[in-house]
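Architecture at a glance
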Amino acid sequence: VLDPGYNVALPINYHIVEFPVIKQQYVMVKDANEGQHAEDDSVKVNSQEGQAFTVDASIEYAIASKADVPDIYAKYAMSWDDIVEKYYRSKFRSTLVNCFASIPLNEGITGDGRRKVEKMAADLLNQSMADDHIVIHTVLIRGIYAPESISNSIASKTQAENDLVKSRTVAQKLVVEAEAEAQAMLIRAKATADSNHMVSGSLTDNLVRMKWIETVNPKIQLVVPHD
């Protein structure tokens with residue numbers, strides 16, 4: 001293993017094979033102007049229900065240490081680019097396929113589902129590529145392309161769920177208002193009963209007669225002697 005910079009290599013007995021020890025990125029996207037392949041290189045996946053769609057993805061990875069390079073070269077005996085294309089590319093794609101196949105469609109095409117797939121794929125790749133001394137830094141799901149029928153179905157389901165939540169909220173509000181009104185009616189009824197009880201308890205024959213006189217002739221003057 002040679003250090004960076006100038007090194008002497010005899011042209012007859014040696015040839016130099018370069019392996020990058022900095023972080024690499026493998027891009028698999030629909031856009032033909034980006035990524036390692038000049039065509040649609042998005043990954044075809046299926047949901048848990050078997051629904052097919054495609055995803056854009058990128059993998060950030062690196063060789064763990066330059067001291068591991070001889071083991072990698074001894075295992076494959078080819079250039080780094082050839083190793084990536086013939087062996088690592090298929091691992092990247094198959095891992096994404098397996099991860100998306102383990103979750104439902106409506107979860108796989110949402111933000112939370114993407115994060116779940118990214119973490120799952122990174123963990124699985126780190127396990128499967130540990131023997132090659134490859135460290136997976138990040139797996140990024142950059143885009144999801146679902147057929148129009150699936151998108152419309154998901155949109156309809158989401159709208160139905162939102163409508164259900166809204167109707168439940170309205171129903172709960174009506175229940176709360178009805179309970180509050182019933183409680184208020186009980187309070188008013190109790191107050192009226194208490195008031196009637198107090199009034200009936202304070203009535204005397206003289207007081208009833210006075211009220212009757214006032215009703216018959218409101219202008220009457222009542223004179224009460226001192227004694």
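This text gives an overview of the structure that appears in the document. What you see is a predicted model, and the numbers here were worked out from it, not measured in a lab.

1. A word on the nonpolar core
In globular proteins that are soluble, nonpolar side chains generally tend to be buried together. Y61, Y88, F92, L96, I134 and I136 are the most contacted members of the largest nonpolar core, which totals 35 residues. At the level of elements, strand 1 (24-28), strand 2 (43-46), strand 3 (52-63), helix 1 (69-76), helix 2 (80-101), helix 4 (111-128) and strand 4 (134-145) are the ones that each hand at least two residues to this core. With eight residues, the single largest contributor to this core is helix 2. Residues in contact with L96, not counting those within four places in the same chain, are M28, V43, V45, A57, V117, A121, V139 and I141.

2. Some details on helix 6 (residues 205-216)
The first and last C-alpha atoms of helix 6 sit 17 Å apart over 12 residues, in line with the 16 Å expected at 1.5 Å per residue. Little of helix 6 sits inside the fold, with zero of its 12 residues counted as buried.

3. Digging into unusual backbone geometry
Residue A77 is not a glycine yet carries a positive backbone phi of 55°. The exposure class assigned to A77 is exposed, which follows from its relative accessible area of 55%. Positioned with a positive phi, H133 is a non-glycine residue whose angle comes to about 60°. Along the chain, H133 falls in the loop between helix 4 and strand 4.

4. Observations regarding the packing of aromatic side chains
Using the criterion set out here, one finds nine aromatic pairs in the structure. Aromatic pair F19 and Y73: ring centres 6.2 Å apart, planes at 85°, arrangement edge-to-face. On the criterion of sequence distance, the pair formed by F19 in the segment before strand 1 and Y73 in helix 1 is long-range, its members being 54 residues apart. Accessibility expressed as a relative area gives 12% for F19, which makes it buried.

5. Some remarks on helix 2
Relative to the 32 Å expected for 22 residues at 1.5 Å per residue, helix 2 spans 30 Å between its end C-alpha atoms, a close match to the ideal helical length. The sharpest bend along helix 2 measures roughly 40° and falls at Y88.

6. Points about the packing of helix 2 against helix 4
Across the interface, helix 2 lies against helix 4 with an axial gap of 9 Å and an inter-helix angle of 135°. What the angle tells us is that helix 2 and helix 4 run oblique. In the packing of helix 2 onto helix 4, the handedness of the crossing is right-handed. Here K91, F92, T95, L96, C99 and F100 of helix 2 lie close against helix 4, whose contacting residues are V117, M120, A121, L124, L125 and S128. Taken together, the residues of the contact of helix 2 with helix 4 break down into nine nonpolar, two polar and one charged.

7. What to know about the pattern of salt bridges
Under the definition given, this model contains nine salt bridges. Here D40 and K30 are joined by a salt bridge, their closest N and O atoms 3.7 Å apart. One end of the pair, D40, is in the loop between strand 1 and strand 2; the other, K30, is in the loop between strand 1 and strand 2, with 10 residues separating them in the sequence. Since its relative accessible area comes to 40%, D40 is described here as partly exposed. By relative accessible area, which is 38% here, K30 ends up partly exposed. Within the structure, one salt-bridge network assembled from shared partners comprises D41, R89 and R93.

Criteria and thresholds
Residues numbered from 1 in each chain as written. Predicted model: local features only at pLDDT ≥ 70, side-chain atom pairs only at ≥ 80, totals over all residues. Heavy atoms only, no water. Core = buried A, V, L, I, M, F, W, Y, C linked by side-chain atoms within 4.5 Å. Buried < 20%, exposed > 50% of the residue type's maximum accessible area, 1.4 Å probe, protein only. Helix = DSSP H or I, 4+ residues; strand = E, 2+ residues; numbered from the N terminus. Contact = heavy atoms within 4.5 Å. Expected span 1.5 Å × (residues − 1). Phe/Tyr/Trp six-rings, centres within 6.5 Å; stacked < 30°, edge-to-face > 60°. Bend = angle between axes of the 7 residues up to and from the residue. Axes fitted to C-alpha atoms, helices over the stretch in contact; angles between N-to-C directions. Parallel < 35°, antiparallel > 145°, perpendicular 65-115°, else oblique. Left-handed = near helix turned anticlockwise from the far one by under 90°. Nonpolar A, V, L, I, M, F, W, Y, C, P; charged D, E, K, R; others polar. Salt bridge = Lys/Arg side-chain N within 4 Å of Asp/Glu carboxyl O.

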